[in-house]
Amino acid sequence: MILALAMSFAYAADIRTLFINMPDTIMPALTKSERMDFLDYIDSGMKARVRNKLGGESEMTELSDNSLTVSTSRSGKLQMALFQRKDGTVLICLIKTVTARFDDSLIRFYNEDWTPVESESLIELPKFDDYLTKQALKHGYLELEIKSILRLQSAVAVDGGLEFRYTSLDYIGEDADRFRSYFKADPVRYVWNGKRFKRK
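What this report covers is the structure whose coordinates are included nearby. (Residues numbered from 1 in each chain as written. Predicted model: local features only at pLDDT ≥ 70, side-chain atom pairs only at ≥ 80, totals over all residues. Heavy atoms only, no water.)

## So, the overall build of the chain
Line of reasoning, step 1. Looking only at helices and strands, the chain features five helices and 11 strands.
Line of reasoning, step 2. Dimensions of the chain, computed from the C-alpha atoms along their principal axes, are close to 60 × 45 × 25 Å.
Line of reasoning, step 3. Each of the 200 residues in the chain was classed as buried or not, and the buried ones make up 42%.
Line of reasoning, step 4. The long-range share in the chain, meaning contacts at least 24 apart out of those at least 6 apart in sequence, stands at 44%.
Line of reasoning, step 5. A total accessible area of about 11700 Å² is found for the chain, and carbon and sulfur atoms account for 53% of it.
Line of reasoning, step 6. With 29 positive and 29 negative side-chain charges, the chain shows a spacing of 4 Å between the two charge centroids. (Helix = DSSP H or I, 4+ residues; strand = E, 2+ residues; numbered from the N terminus. Buried < 20%, exposed > 50% of the residue type's maximum accessible area, 1.4 Å probe, protein only. Contact = heavy atoms within 4.5 Å. Areas by Shrake-Rupley, 256 points an atom, 1.4 Å probe, with all protein chains shown as cover. Lys, Arg positive; Asp, Glu negative; His and termini not counted. Charge placed at Lys NZ, Arg CZ, Asp CG, Glu CD.)

## With respect to the pattern of salt bridges
Line of reasoning, step 1. Applying the stated criterion across every chain yields a total of nine salt bridges.
Line of reasoning, step 2. In this structure, D24 engages R35 in a salt bridge whose closest nitrogen and oxygen atoms are separated by 3.3 Å. Linking D24 in the loop between helix 2 (15-20) and helix 3 (32-43) with R35 in helix 3, this pair joins segments that are 11 residues apart in sequence.
Line of reasoning, step 3. On the basis of relative accessibility, which here comes to 1%, the residue R35 falls in the buried class. (Salt bridge = Lys/Arg side-chain N within 4 Å of Asp/Glu carboxyl O.)

## Section: the sheet that holds strand 8 (residues 153-158)
Line of reasoning, step 1. On the basis of which strands lie adjacent, the open sheet formed by four strands has the order 8-9-10-11 and antiparallel pairing. One side of each edge strand has no neighbouring strand; the edge strands of this open sheet are strand 8 and strand 11 (197-199). Geometrically, the sheet is characterised by an average inter-axis angle of 25 degrees between neighbouring strands, direction not taken into account.
Line of reasoning, step 2. Judged from the six bridges that link them, strand 8 and strand 9 (residues 161-166) form a sheet pairing that is antiparallel. Bridging from a neighbouring strand, V156 pairs with E163 of strand 9. (Pairing = 2+ DSSP bridges. Axes fitted to C-alpha atoms, helices over the stretch in contact; angles between N-to-C directions.)

## A word on helix 3
Line of reasoning, step 1. A rise of 1.5 Å per residue sets the reference length of helix 3, with its 12 residues, at 16 Å; its end C-alpha atoms lie 17 Å apart and thus fit the reference within 8%.
Line of reasoning, step 2. Within helix 3 the residues assigned to the buried category are E34, R35, F38 and L39. Down the axis of helix 3, the buried set is contained in an arc of 150 degrees. They therefore lie on one face.
Line of reasoning, step 3. At its buried positions, helix 3 is contacted by helix 2, strand 1 (48-51), strand 2 (57-63) and strand 3 (67-71). (Expected span 1.5 Å × (residues − 1). Arc of directions from axis to C-beta.)

## Overview of the environment of F183
Line of reasoning, step 1. Structurally, F183 is set in the loop between helix 5 (176-179) and strand 10 (188-192).
Line of reasoning, step 2. Sequence-wise, F183 and E34 are 149 residues apart; in three dimensions their C-alpha atoms are separated by 41 Å.
Line of reasoning, step 3. Leave out the neighbours within four places in its chain, and F183 touches F128, Y131, L132, T133, L144, Y166 and L169.

## Notes on the sheet that holds strand 6 (residues 103-110)
Line of reasoning, step 1. Ordered by their spatial adjacency, seven strands build an open sheet running 1-2-3-4-5-6-7, and the pairing between neighbours is antiparallel. In this open sheet, the two edge strands, each paired with only one partner strand, are strand 1 and strand 7 (116-117).
Line of reasoning, step 2. Two strands pair when backbone bridges link them, and strand 6 and strand 7 are joined in this way by two bridges, in the antiparallel orientation. Across the sheet, F109 pairs through a bridge with V117, a residue of strand 7.
Line of reasoning, step 3. This element, helix 3, spans strand 1, strand 2 and strand 3 of the sheet and lies at about 150 degrees to strand 1.

## Notes on helix 4 (residues 134-147)
Line of reasoning, step 1. Under the 1.5 Å per step criterion, the end-to-end length of helix 4 is 18 Å for 14 residues, consistent within 8% with the ideal 20 Å.
Line of reasoning, step 2. For helix 4, the principal kink sits at G140 and spans about 90 degrees.
Line of reasoning, step 3. Burial in helix 4 covers these residues: A136, G140, Y141 and L144.
Line of reasoning, step 4. Where helix 4 is buried, its residues contact helix 5. (Bend = angle between axes of the 7 residues up to and from the residue.)

## Description of the pairing of strand 1
Each regular strand displays side chains that alternate between the two surfaces of the sheet.
Line of reasoning, step 1. Only one face of strand 1 is covered, namely the face carrying A48 and V50; the face carrying R49 and R51 is uncovered.
Line of reasoning, step 2. The pairing of strand 1 with strand 2 spans four bridges and is antiparallel. Across the sheet, residue A48 finds its bridge partner in strand 2, namely M60.
Line of reasoning, step 3. Counted along the chain from strand 1 to the antiparallel partner strand 2, the turn is five residues long, and its residue G55 has a positive phi close to 90 degrees.

As structure tokens, then:
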């Protein structure tokens, strides 16, 4: 019984199996067959490139035991990462990033059966203030807040957590350089504790 449970967990938590069984609605440009091709190409030591439904080219650029990255188009990429829960299951984290002038990410969470999990139950996402230095909060916050109409942020899964960066400073316009020192150089970091992502 113990061995059977261990084998069941290993199968359920395997990133390859979860990726292949991802619902088509989550990555509509790629079919299940094309997702399988990615893995076959990587296992063969080849570039993992396929033609997607939109007529463009997609490429799996990274694959590890708990993370993978797919360039879905020239301006888009998807990162999938697994985080171990305390109950023995895994949480699936999907980060879709679109690049126009700057990266903008959308983050979603799922159970192993691909049922959605509300992000509010897992993380308090960074606010605009979290990217600012003490100098900005003390002296320039009000002016900066008015000028920062667009507030894009990028996200990336790293070992043991997530990192977020403010990416739309240059949308402020001609005053961007003046305000650059108001933003923290380091990303906003979170660590996974088995239940939630906590600010580091």
